[in-house]
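Here are the chains, one letter per residue:
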Amino acid sequence: MQETRSDNEAGYSAAELKLGQHGVISSIQGGDSLRRRLNALGMVKGAELVVAHAAPMGDPRSYIILGYQVSLRKEEARNILLQVAN
Amino acid sequence: MSGNNKIITVALVGNPNCGKTTLSNKLTGSRDSVANYPRVTLTKNEHDIHYRGWTLRIVDLPGIYSLTSQSPEERIGRDYIQNMQPDIVLNVLDAGNLDRNLFLTTQLLEMGCPLVFAMNMIDEARSKQISFDLPALSFMLGGAVVETDAARGEGIEALLSAIVDTAIGKKKSRLVNLPYDHHLEQAVACAQCRIAALHPDSMDEQQSRWLAIKLLEGDEDILSRENDHSALIEAMEKDRQILARQHSEEVDAMFAAARYGFIRGMLAEARQMLPDPTGHKDLTQRLDALFLHPLFGLPIFLVMMWVMFESTFSLGEIPMGWIDAGVGWLSDLLSVLIPAGMLHDLLIDGIIAGVGGTIIFLPNIVILFMFLAFFSETGYLTRAAFLMDRLMHIFGLHGKAFIPLVIGFGCNVPAVMAARTIESDKARLITILVSPFMSCSARLPVFILFAGAFFSDMAGTMVFIMYMLSIVVAMVAAIFLGKFVVTGVSEPFVMELPPYRMPTLKGVIYHMWEKAANFLQKVAGVILIGSILIWFLQAFPQNVEWDKDYDAQLMALEMQVQTPYRDRQIVLLARERAQERMRKSYLGQIGTAVSPVFAPLGFTWKDTVAILTGFVAKEVVVASYAVLYNQDEADTEESASLRSAISGSMSQVTAFAFMVFALLYAPCLATIAAIRREAGGWRWAGFSVVFSLTIAYSLAFVVTLLGAAMT
Ligand SMILES: Nc1nc2c(ncn2[C@@H]2O[C@H](COP(=O)(O)OP(=O)(O)O)[C@@H](O)[C@H]2O)c(=O)[nH]1
């Protein structure tokens, strides 16, 4: 998928994806507990996710990963860092 | 039946929404094995069934995504499997979502427990053109794999027979080791050496490998179990840091990624997915496009809420009328059968009135939970939470708290019960504790009476203000409780939005019935005792010293020629007696005794007694006023004479303070019972009473002060 943004390497997270955009996870920040939870849901390095829906006011949003849908608040999505596509 | 005494324990483990509850119900055949819907099974729940002469003990474990020690549910699951060593662990999988469902499986494999797999929701997978190479899967997973459709009962026989065959060793369950890359394998081997030095021969290869992986992952629970081996812990800590630095990734994340890699490989071999020939979006995508639509999603949700609310309370009125009539009929019948006296009064005014006043909520609860069961089973409930989360999050609440709070406008009892849909303990507890502030329909009569009597030119506005106040107090209380009272970390809002599914009628009706029965059993006891207590306080002491000889005077009046004037006198005298009766009862005495406490608010002993009776149910306050002001007890809040009777008794400021107090003070008895049940004990029920009394008193006092300052 080519839509991935390539600027701003440092803080490029799932929260910055637009609706319908894809991203590939590079790492999960935000502490052991959150990382383990997200890992268990398939959000591991190399996994691909797509933004599916946004709630009113843009938060939370739902993502498709491994073929199922999961919702995350922005504050959690910010901890999912994405690979920068070259 | 052959006489096998051995019991085969079968623990059901699976992700949330994999159909575990449905499968468990199908396995056990009888439906009383399900617990704690919709929060599903937090405490495990056992049920014995007989199959081919064996007794299978089916144990339902909570729905979980992994077996770390991240949440209470995960800990329950893991501890059960480790400590109880069930003969079979039945891993329920959603065939349409194996990529994620198998993550839990990889952890079960490492624990080395004997596994059987139910490939559930196979109907959905088939319709999506997904098929499986079962022998290959079964080989890679080291246990029997059976395709099931729990909703329609397909594959249940095959599953039961696979369970028994595996348990008696006819089918093999094989240990499977997940291969990791060589860095991780090296670290695992190294950790195993360390463990072997500490626990010589007490552990087999499987156990020590599992422990090594857990220690490397830094699992807090397991680390604390090895606490007395500080050298081991330190060494492992060092290994972990080195590994993490080398790969610039946490070790548990590396294990997780490796597990998902293993799953990918396995599915690439054993799963066949044909592209959907039609190319259409599936049902879930189409429905979400509507229900989560940026513009229409919210209005659609609000319409659904309105329909639910209207049905619950309007449709509920019909059966409520029947129950009311039935209770009335029963109490009429008993008053004929049982001679007047103590037993008569206790039965009719205490027990029947109290219990009747409780089961009157039953229609509300049944209808409401039918809707909730439907929303939850279809998957819509999570969408509703998704839509409302932003708003609720401002107050430290979960999106799922919205529905209970709205229900609270109707009745607090089902509101407290509906908080069950919230998984996080902290968020659920806060929701339970703030629900009683929502102005339920039983408080409306009190507002109408007071607004009509004291603020007749702006009665509507006053009632509206009360509703607004109830919302504001609930929200502020939620913030306060989240910050200072209910401890525990708030869990992140990570919520799966499962595919939409058509629930089975049986499932919905069953859940509805279960709720109703639950309500009757657990709540009715408290109500019964409470009603008897309040009745006792009102009816005793029996032989009061009357100010007047009412009987004689009444008798004298009866003897006179009947005139409208005489009849009027009789009524007035009877009311006066009722008022004195109330004043001299224990309740009246208590009211008089505690009324100094309420004096700063400007309340008299009559107001205090009315407040006390309102503990049973808030609408009783109106009936109490009727008695206290010598009106007909059957007077309603609309009655002009009752309004004029009380209108002179207090100032507008005091009346407003009373309305505020009546809105916020202690939840009614039924709600207290519900809180006790849902929040797990008297502690929180007691807290709720004290908390709301404090808030009610403080705000009413503020109203009094402001009123005094302004006049
Ligand atoms: N189509 C289909 N639906 C199922 C199957 N098993 C369960 N369901 C439905 O899936 C939904 C969730 O099931 P439930 O047992 O509550 O899931 P749990 O969270 O794992 O306990 C319900 O609406 C069930 O009727 C199945 O095998 N096929």
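Residues numbered from 1 in each chain as written. Chains lettered and ligands numbered in written order. Predicted model: local features only at pLDDT ≥ 70, side-chain atom pairs only at ≥ 80, totals over all residues. Heavy atoms only, no water.

Enquirer: Please set out the overall build of chain B residue by residue, giving values where relevant.
Expert: Counting its regular elements, chain B contains 32 helices and nine strands. Considering only C-alpha atoms, chain B reaches an extent of 105 × 65 × 60 Å along its principal axes. Counting contacts in chain B only where the partners sit at least 6 residues apart, residues at least 24 apart contribute 74% of the total. Total accessible area on chain B is roughly 30700 Å²; 62% of this is exposed by carbon and sulfur atoms. (Helix = DSSP H or I, 4+ residues; strand = E, 2+ residues; numbered from the N terminus. Contact = heavy atoms within 4.5 Å. Areas by Shrake-Rupley, 256 points an atom, 1.4 Å probe, with all protein chains shown as cover.)

Enquirer: Quick rundown of the packing of aromatic side chains? Include the residues and the values.
Expert: Residues and elements named next belong to chain B. This structure, assessed with the given rule, holds 26 aromatic pairs over all chains. Between the aromatic rings of Phe371 and Phe375, the centroid separation amounts to 6.3 Å while the plane-to-plane angle is 55 degrees, which identifies the pairing as tilted. Note that Phe371 and Phe375 are positioned in helix 16 (residues 362–378) at a spacing of four residues, about one turn of the helix. For the residue pair Phe371 and Phe375, the accessibility class agrees, reading buried in each case. Here Trp684 and Phe687 contribute two aromatic rings whose centre-to-centre distance is 5.4 Å and whose plane-to-plane angle is 80 degrees, an arrangement assigned as edge-to-face. Here Trp684 and its partner Phe687 are both found in helix 32 (residues 682–710), three residues apart, which amounts to about one turn of the helix. Owing to a relative accessible area of 12%, Trp684 belongs among the buried residues under this scheme. You can call Phe687 partly exposed: its relative accessible area is 22%. Following the ring pairs from residue to residue traces out a cluster consisting of Phe450, Phe454, Phe598, Phe603, Phe615, Phe658, Phe661, Tyr665, Tyr697 and Phe701. (Phe/Tyr/Trp six-rings, centres within 6.5 Å; stacked < 30°, edge-to-face > 60°. Buried < 20%, exposed > 50% of the residue type's maximum accessible area, 1.4 Å probe, protein only.)

Enquirer: Talk me through the sheet that holds strand 9 (residues 495–497) of chain B; I want residue IDs and the actual numbers.
Expert: Within the open sheet, the six strands sit side by side as 5(A)-1(A)-2(A)-3(A)-4(A)-9(B). Their pairing is antiparallel. The open sheet has two edge strands, strand 5 (80–82) of chain A together with strand 9 of chain B, and neither has a second partner. Taking the axes of each pair of neighbouring strands and ignoring which way they run, one obtains an average angle of 45 degrees across the sheet. Looking at chain direction, strand 3 (residues 61–65) of chain A and strand 4 (residues 68–72) of chain A are connected through five bridges and run antiparallel. The partner of Tyr63 of chain A across the bridge, within strand 4 of chain A, is Val70 of chain A. (Pairing = 2+ DSSP bridges. Axes fitted to C-alpha atoms, helices over the stretch in contact; angles between N-to-C directions.)

Enquirer: How would you summarise the domain arrangement of chain B if you had to cite specific residues and measurements?
Expert: Residues and elements named next belong to chain B. As far as domains go, chain B holds domain 1 (7–167) and domain 2 (182–274). A straight line from the C-alpha centre of domain 1 to that of domain 2 covers 25 Å. With 28 residues of domain 1 at the contact, the number on the domain 2 side is 22 residues. Taking both partners together, domain 1 and domain 2 bury about 2300 Å²; carbon and sulfur atoms supply 55% of that area. Broken down residue by residue, the surface that domain 1 buries against domain 2 is led by Phe103, Glu110 and Met140, which jointly contribute 26%. (Domains from an automatic or database assignment. Buried area = accessible area lost by both parts, 1.4 Å probe.)

Enquirer: Account for the site of the ligand, naming residues and giving values.
Expert: Residue and element names in this part refer to chain B. Close to the ligand lie 19 residues; Lys20, Thr21, Thr22, Asp123 and Ala150 are nearest. In the environment of the ligand, an oxygen atom lies 2.8 Å from a nitrogen or oxygen atom belonging to the backbone of Lys20. If you list the elements that add at least two residues to the shell around the ligand, you get helix 1 (20–28) and helix 4 (122–127). Looking at the shell around the ligand element by element, the count peaks at three residues for helix 1. (Near = heavy atom within 4 Å. Polar contact = N/O pair within 3.5 Å; in protein donor to acceptor, adjacent residues only side chain to side chain.)

Enquirer: Explain the interface of chain A and chain B residue by residue, including any values.
Expert: At the junction of the two partners, chain A supplies 31 residues and chain B supplies 36 residues. Summed over both sides, the interface between chain A and chain B buries roughly 3000 Å², with carbon and sulfur atoms accounting for 57% of that surface. For the chain A face of the interface with chain B, the top three residues by lost area are Arg36, Arg37 and Arg73 of chain A, together amounting to 22%. Between Arg35 of chain A and Asp252 of chain B there is a salt bridge, with the nearest N and O atoms lying 2.7 Å from each other. Inspection of the region where chain A meets chain B yields 13 residue pairs in polar contact (both at pLDDT 80 or more). (Salt bridge = Lys/Arg side-chain N within 4 Å of Asp/Glu carboxyl O.)

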